[in-house]
Amino acid sequence: MNSWREVRRHLNSNRHALARRADLLYPDLPRVGSTHLLTRSAWALPEPLDLHEVVLRWTDETPPVPVPDGMTYAEAMTTFDKPKLFENRTCYRLLDVTWPELTFTRGMYFDAVNVGEAIAHEFAAADLAGGPDAAVDLSSRRLVPDPTELRARPAHPAISMLTLRHDRETGEMTFVLHWRDPALVAHGGGLFQVMPVGVFQPSAESPQAERADFDLWKCVVREYAEEFLGRSEHYGPDFDYETWPLYRRLTDARESGDLRSMVLGIGVDPLTFATDILAVTVVEARTFDAVFGAMTGANDEGHATMGVPFDEESVGRYVTREPMQAAGAAVLELAWRHLRGRWPVDLRQTDIARSTGVYPGLTG
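This one's a predicted model, so the numbers in the text were calculated from it and none came from an experiment.

K.L.:
Tell me about the overall build of the chain, and name the residues and values.
P.N.:
From N to C terminus, the chain includes 11 helices and 12 strands. Partitioning the contacts of the chain with sequence separation of at least 6, the portion at a separation of at least 24 is 72%. For the chain, the accessible surface area stands at approximately 15300 Å², while carbon and sulfur atoms represent 50% of it.

K.L.:
Got a sec to walk through the nonpolar core? Specific residues and values, please.
P.N.:
One finds Trp-99, Leu-102 and Leu-250 to be the most contacted residues of the largest nonpolar core, which totals 53 residues. Listing elements by their share of this core, those giving two or more residues are strand E3 (90-98), strand E4 (101-108), strand E5 (158-166), helix H7 (216-229), helix H8 (245-256), strand E9 (259-268), strand E10 (275-284) and helix H9 (285-292). Considering each element in turn, this core owes the most residues, eight residues, to H7. If sequence neighbours within four positions are ignored, Leu-250 has contacts with Trp-217, Val-221, Tyr-224, Leu-259, Val-291 and Phe-292. One finds Ala-158, Val-308, Val-315 and Leu-339 within the second-largest nonpolar core, a separate group that totals 32 residues.

K.L.:
Can you tell me about helix H11 (residues 326-339), naming the residues and giving the values?
P.N.:
End to end, H11 covers 20 Å across 14 residues, agreeing with the expected 20 Å (1.5 Å per residue, within 8%). Among the 14 residues in H11, 13 count as buried, and that is most of the element.

K.L.:
Which residues make up the packing of H7 against H8, and what values go with them?
P.N.:
Closest axis-to-axis distance for the H7/H8 pair is 10 Å, and the angle between their directions is 120°. The pairing of H7 with H8 is recorded here as oblique in orientation. Where H7 crosses over H8, the handedness of that crossing is right-handed. Two secondary-structure elements touch here, H7 through Trp-217, Lys-218, Val-221, Tyr-224, Ala-225 and Leu-229 and H8 through Leu-246, Tyr-247, Leu-250, Thr-251 and Arg-254.

K.L.:
If you had to explain the pattern of salt bridges to someone new, which residues and values would you point to?
P.N.:
This model, assessed by the stated rule, comprises 23 salt bridges. Between Arg-168 and Asp-258 there is a salt bridge, with the nearest N and O atoms lying 3.6 Å from each other. Linking Arg-168 in the loop between E5 and strand E6 (173-180) with Asp-258 in the loop between H8 and E9, this pair joins segments that are 90 residues apart in sequence. A salt bridge links Glu-322 to Arg-317; the nearest nitrogen and oxygen atoms lie 2.8 Å apart.

K.L.:
Kindly report on H9, identifying the contributing residues and their values.
P.N.:
Among the residues of H9, those classed as buried are Ala-285, Thr-287, Phe-288, Val-291 and Phe-292. Mapping the buried residues of H9 onto a view down its axis gives an arc of 165°, with all of them on the same face. Buried residues along H9 sit in contact with E5, E6, H7, H8, E10 and strand E12 (302-309).

K.L.:
Quick one: what's the story with the pairing of E4, residue by residue and with numbers?
P.N.:
In this structure, strand E2 (residues 55-58) lies alongside E4, joined through four bridges in parallel fashion. Residue pairing for E4: Leu-56 is matched across the bridge by Leu-102. Note that E3 and E4 share eight bridges and pair antiparallel. Note on E4: the bridge partner recorded for Leu-94 is Phe-104. Connecting E3 to the next strand, E4, in antiparallel fashion are two residues.

K.L.:
Tell me what's going on with the packing of aromatic side chains, and back it up with residues and numbers.
P.N.:
Tallied over the entire structure, the rule returns 27 aromatic pairs. Measuring from centroid to centroid gives 5.4 Å for Trp-4 and Tyr-73, while their planes differ by 40°, and the two rings are tilted. Taken together, the residues span a long stretch of sequence, with Trp-4 in helix H1 (residues 4-13) and Tyr-73 in helix H3 (residues 73-80) at a distance of 69 residues. Ring centres of Phe-239 and Trp-244 lie 5.1 Å apart, and the angle between their planes is 70°; this geometry places the pair in the edge-to-face category. Taking the relative accessible area as the measure of exposure, Trp-244 reaches 11% and is therefore buried. An aromatic cluster of three or more residues is present, and its members are Trp-58, Tyr-92, Phe-104, Phe-200 and Phe-214. Directly above the ring of Tyr-235 sits Arg-222, whose terminal nitrogen or CZ lies 5.8 Å from the centroid.

K.L.:
Go over the sheet that holds E3, please, and point to the residues and values.
P.N.:
The strand order E2-E4-E3 describes an open sheet built from three strands, whose pairing is mixed. Looking at the sheet topology across the chains shown, the edges are occupied by E2 and E3. Along the sheet, successive strands turn relative to each other by an average axial angle of 40°, direction set aside. Its contacts with the sheet place helix H4 (residues 109-128) against E3 and E4, and it is angled at close to 90° to E4.

K.L.:
Can you lay out the side chain of Ser-206 for me, pointing to particular residues and giving the numbers?
P.N.:
Structurally, Ser-206 is set in the loop between strand E8 (197-199) and helix H6 (207-212). At 3.0 Å, the side chain of Ser-206 and the backbone nitrogen of Ala-209 are in polar contact.

K.L.:
Describe the pairing of E9, with residues and values.
P.N.:
In terms of burial, E9 is a largely internal element, 10 of the 10 residues being buried. With two bridges connecting them, strand E1 (residues 49-50) and E9 associate as antiparallel partners. Bridge pairing in E9 places Asp-50 opposite Met-262. As judged from the nine bridges shared by E9 and E10, these two strands associate in the antiparallel manner. Of the residues in E10, the one forming a bridge with Ser-261 is Thr-281. If you look at the hairpin formed by E9 and E10, you'll find six residues sitting between the two strands, and Phe-273 has a positive phi there, around 65°.

The rules behind these values
- Residues numbered from 1 in each chain as written.
- Predicted model: local features only at pLDDT ≥ 70, side-chain atom pairs only at ≥ 80, totals over all residues.
- Heavy atoms only, no water.
- Helix = DSSP H or I, 4+ residues; strand = E, 2+ residues; numbered from the N terminus.
- Contact = heavy atoms within 4.5 Å.
- Areas by Shrake-Rupley, 256 points an atom, 1.4 Å probe, with all protein chains shown as cover.
- Core = buried A, V, L, I, M, F, W, Y, C linked by side-chain atoms within 4.5 Å.
- Buried < 20%, exposed > 50% of the residue type's maximum accessible area, 1.4 Å probe, protein only.
- Expected span 1.5 Å × (residues − 1).
- Axes fitted to C-alpha atoms, helices over the stretch in contact; angles between N-to-C directions.
- Parallel < 35°, antiparallel > 145°, perpendicular 65-115°, else oblique.
- Left-handed = near helix turned anticlockwise from the far one by under 90°.
- Salt bridge = Lys/Arg side-chain N within 4 Å of Asp/Glu carboxyl O.
- Arc of directions from axis to C-beta.
- Pairing = 2+ DSSP bridges.
- Phe/Tyr/Trp six-rings, centres within 6.5 Å; stacked < 30°, edge-to-face > 60°.
- Lys NZ or Arg CZ within 6 Å of the ring centre and 35° of its normal.
- Polar contact = N/O pair within 3.5 Å; in protein donor to acceptor, adjacent residues only side chain to side chain.

Given below as structure tokens:
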């Protein structure tokens, strides 16, 4: 029997390969494009939906959360392998997707860890023992036969935001790439990802913050502050968005047409059941450079690389050949299909030029 730490190391060192193997367990579920991110046909969007057009609904209905016997996985991580960022904070739990509406209730971060990381650990243990068909228990995973059934387990979605810097004069677009350090994060360690990415949750543990922060745009701006500019995740009970310079700067850019954020779909990771709202923000170069020009590579979750060309070679590389988190690969592919080479010079235009056909490097 392999030790807990040995299995955890195997999981963190092989998440990309393990996710591809876990993908084989769900042959009847749709995928996002050519990636192994699980989805539902009702979750797909025929064209990008502006972030501010997404309608958030709240319900006090709280479907039960599976309670494991003995030590929870969050307790085991705290004892044996605690990441730098690991707090049991309030989250918004996704229950239903009926575009343009998303319905949420209250959840706690560790509830998702206790399911998602536990079933990933279980799968890694099976892999070490000779594969998922070996005589190793996968009973926890079988409790959720359909990972896209949101009410069957805690689904605390992250917003996976691809950030594109658009040069209006040249038409060139580049993106920011993130490598997530397994020593710093609880999920997705050892993988490339788009940036920023953050769980949709309030900024503070209070009823006031829970009400005020039930807003996708506010969450996105906080993630830009934390991952791009190194701001702490702790905001305090008296935090005011309207007087926050970064929030005002990015909101003004959105209103003036220098920035546009859009939702592309929703998907579920086959290894961990992590659920992601797939999104893209296009920022004009002058705004990007003024706001994020001083950004450094290292941050609290890993290392960032700026200026990656948003072109066929780079997109194909990270979608098909690099160890990219499934949600990151999916948002890159969707953004390429919708925006490749045809992004309007004026971000205020409401018609989004969409490609037809399929990117040949991402098929099959």
